[in-house]
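Residue-level structure breakdown
For reference, the chains in residue letters:
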Amino acid sequence: MDLTAEIITLPNDHPARSKALPWYNSSISGALRPSMSFLPENWSKIRAGEVEAHIHNVASWKVLPRPSIGKFRFLEQVLLRHPSYEQVLTALTTRSTPPPRFLDIGACLDQDLRMLASAGVPTDQLSGTDIFPKFERIGHMVFRDEDQFSSTQFICGNSLSHDAQDSLRDTRGPWSIVHLSMFLHIFDLDDQERVCMRVMDLL
Ligand SMILES: C[S@@+](CC[C@H](N)C(=O)[O-])C[C@H]1O[C@@H](n2cnc3c(N)ncnc32)[C@H](O)[C@@H]1O
């Protein structure tokens, strides 16, 4: 599949493609720490020796010149380090009616959803939203799990816009847990406050 042709929209000389940017890593093996192989190996069932080649093929800088890609942050299990992680996991795996629902805002490749699923959370309780429309498909290619989620669980939209907020509310809400990781710093203070108010609304 020629992802390059389909996904690349920036011209070749666009500054975002520069390999001088601090978030570009020239070598995957230098940037991949052992803990980052957890999801590809345990969730996607990619053999240990094949993780680097697989990641390089489907989520390389050439395909997606973005900080989360250049630094391989999409392989970090950020939520795992959150002080409330165990509480979140317990809430999501304890049977209740209706089942609790988890929403990741600014989810990138939805790696935290995969991490929760690999820890035993039923995938239909998990959703993510991001402004970048290709992440859903690239996420499936990285994690090889298209058959595990429905497309309604990946909501594309600008979390600052009312339209996206409405679709989040209408699609699945109310949400039991809303997760933001490395997200608020993108915005100025006014927009950070708007995002937080909307998170409260979604809850
Ligand atoms: C720094 S990344 C963090 C990704 C992930 N949460 C993590 O912890 O690695 C920020 C993410 O927010 C998304 N994003 C930026 N502005 C957004 C907006 N207005 N609405 C929704 N998502 C947005 C970006 O596309 C990107 O995937």
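Placed above this text is the structure.
All residue numbers refer to positions counted from 1 along the written sequence of the respective chain. Where local features are concerned, this predicted model is filtered to residues with pLDDT of at least 70; where side-chain atom pairs are given and counted, the filter is 80 or more; whole-chain, interface and lining totals use all residues. For side-chain calculations, the full set of non-hydrogen atoms in the structure is used, while hydrogens and water are omitted.

To continue, consider the sheet that holds strand 4 (residues 177–180). Here four strands make up an open sheet; going across it, the order is 3-2-1-4 and the pairing parallel. Looking at which strands have only one partner, the edges of the open sheet turn out to be strand 3 (154–156) and strand 4. Across this sheet, the average inter-strand angle for adjacent strands is 20 degrees, counted without regard to direction. Here strand 2 (residues 126–130) runs beside strand 3; their pairing, made up of three bridges, is parallel. Bridge assignment links Gly128 to a residue of strand 3, and that residue is Phe154. In the packing of helix 10 (residues 189–202) onto the sheet, contacts are made with strand 1 (102–105) and strand 4, and the angle to strand 4 comes to roughly 155 degrees. DSSP calls a pair of strands paired once it identifies at least 2 bridges connecting them. To qualify as a helix, a DSSP run of H or I must reach at least 4 residues; to qualify as a strand, a run of E must reach at least 2; elements of each kind are numbered from the N terminus. Axis definition: a line fit to C-alpha positions, over the contact stretch in the case of helices; interaxial angles, taken between N-to-C directions, run 0 to 180 degrees. By definition in these notes, contact holds between two residues if any of their heavy atoms fall within 4.5 Å.

Right, let's get into the pattern of salt bridges. Any Lys or Arg side-chain nitrogen found within 4 Å of a carboxyl oxygen on Asp or Glu counts as a salt bridge. If you walk through the whole model with that rule in mind, you get four salt bridges. Between Glu50 and Arg47 there is a salt bridge whose closest N-O contact spans 3.0 Å. Each residue gets one of three labels from its accessible area relative to the maximum for its type: buried under 20%, exposed over 50%, partly exposed in between, using a 1.4 Å probe on protein chains only. For Glu50, a relative accessible area of 34% puts it in the partly exposed group. Of the charged contacts in the structure, one is a salt bridge between Arg194 and Asp191, with a shortest N-O distance of 2.7 Å. Taken together, the residues Arg194 and Asp191, both in helix 10 and three residues apart, mark about one turn of the helix.

This part is about helix 6 (residues 85–93). Regarding helix 6, the residues found buried are Tyr85, Val88, Leu89 and Leu92. Taken end-on, helix 6 shows its buried residues confined to a sector of 95 degrees, consistent with a single buried face. What points out from helix 6, more than 90 degrees from its buried face, is the exposed set Glu86 and Gln87. Those residues of helix 6 that are buried lie in contact with strand 1, helix 7 (111–118), strand 2 and strand 4. Summarising the geometry, the arc corresponds to the directions from the helix axis toward the C-beta atoms.

Glancing now at the nonpolar core. Among buried residues, those of type Ala, Val, Leu, Ile, Met, Phe, Trp, Tyr and Cys that are joined through side-chain atoms within 4.5 Å constitute a nonpolar core. Judged by nonpolar contacts, the single largest core of 37 residues is most densely connected at Phe74, Leu92, Phe102, Leu109, Leu116, Leu126 and Val142. The split into domains, and so the bounds of each, comes from an automatic or database assignment of domains. Mapped onto the domain boundaries, this core takes at least three residues apiece from domain 1 (3–75) and domain 2 (78–202). Those residues in contact with Phe74, other than ones at most four positions away along the chain, are Ile55, Ala59, Ser68, Ile69, Cys108, Leu109, Gln111, Val142 and Phe143. Within the second largest apolar cluster, 10 residues are counted, among which are Val178, Phe187, Val195 and Val199.

Okay, the environment of Glu146 next. Among the secondary structure elements, Glu146 is positioned in the loop between helix 8 (135–143) and strand 3. For Glu146, a relative accessible area of 58% translates into the label exposed. Put simply, Glu146 and Glu136 are 10 residues apart on the chain and 9.3 Å apart in space, counted from C-alpha to C-alpha.

Let's shift gears to the side chain of Ser44. Residue placement: Ser44 occurs in the loop between helix 3 (38–43) and helix 4 (51–58). Side-chain polar atoms of Ser44 contact the backbone oxygen of Phe143, separated by 3.1 Å. Under this definition, polar contacts are N or O atom pairs within 3.5 Å; protein pairs additionally need one hydrogen-donor-capable and one acceptor-capable atom, and for neighbouring residues in sequence, both atoms have to be side-chain atoms.

To continue, consider the site of the ligand. Proximity is defined per residue: any heavy atom of the residue falling within 4 Å of a molecule or strand makes that residue near it. The ligand sits among 18 residues. The nearest are Arg66, Gly106, Asp130, Asn158 and Ser181. Within the side chain of Gln111, an N or O atom sits 3.2 Å from an oxygen atom of the ligand. Accessible surface is estimated by sampling points in the Shrake-Rupley manner with a 1.4 Å probe; for residues, cover comes only from the protein chains shown. Within the complex, 91% of the 600 Å² of free accessible area of the ligand lies under protein. Applying the majority rule of atoms within 2 Å of the grid points places the ligand in the largest pocket. A breakdown of the residues in the shell around the ligand according to their chemical character gives seven nonpolar, eight polar and three charged. Only protein atoms enter the calculation, which uses a 1 Å grid: trapped sets of points that fit a 1.4 Å probe without letting it out are cavities, open sets showing protein on both sides within 12 Å along at least five of seven lines are pockets, and any residue with an atom within 4 Å of a point is a lining residue. Cavity and pocket membership follows a simple rule, namely that a molecule belongs there if more than half of its atoms are within 2 Å of the grid points. Here the term charged refers only to Asp, Glu, Lys and Arg, the term nonpolar to Ala, Val, Leu, Ile, Met, Phe, Trp, Tyr, Cys and Pro, and the term polar to all other amino acids, Gly among them.

Every buried residue of helix 4 is listed here: Val51, His54, Ile55 and Val58. One side of helix 4 carries all its buried residues, which in axial view fall inside an arc of 95 degrees.

Right, let's get into the packing of aromatic side chains. Pairing of aromatic rings covers Phe, Tyr and Trp, the last counted by its six-membered ring, and requires centre-to-centre distances within 6.5 Å; plane angles under 30 degrees mean stacked, over 60 mean edge-to-face, and any other angle means tilted. Scanning all chains against the criterion turns up four aromatic pairs. For the ring pair Phe72 and Phe74, a centre distance of 6.2 Å and an interplane angle of 50 degrees mean the geometry is tilted. Of the two residues, Phe72 and Phe74, neither departs from the other in class, the shared state being buried. Here Phe132 and Phe135 contribute two aromatic rings whose centre-to-centre distance is 4.8 Å and whose plane-to-plane angle is 65 degrees, an arrangement assigned as edge-to-face. The class for Phe135 is buried, based on a relative accessible area of 3%.

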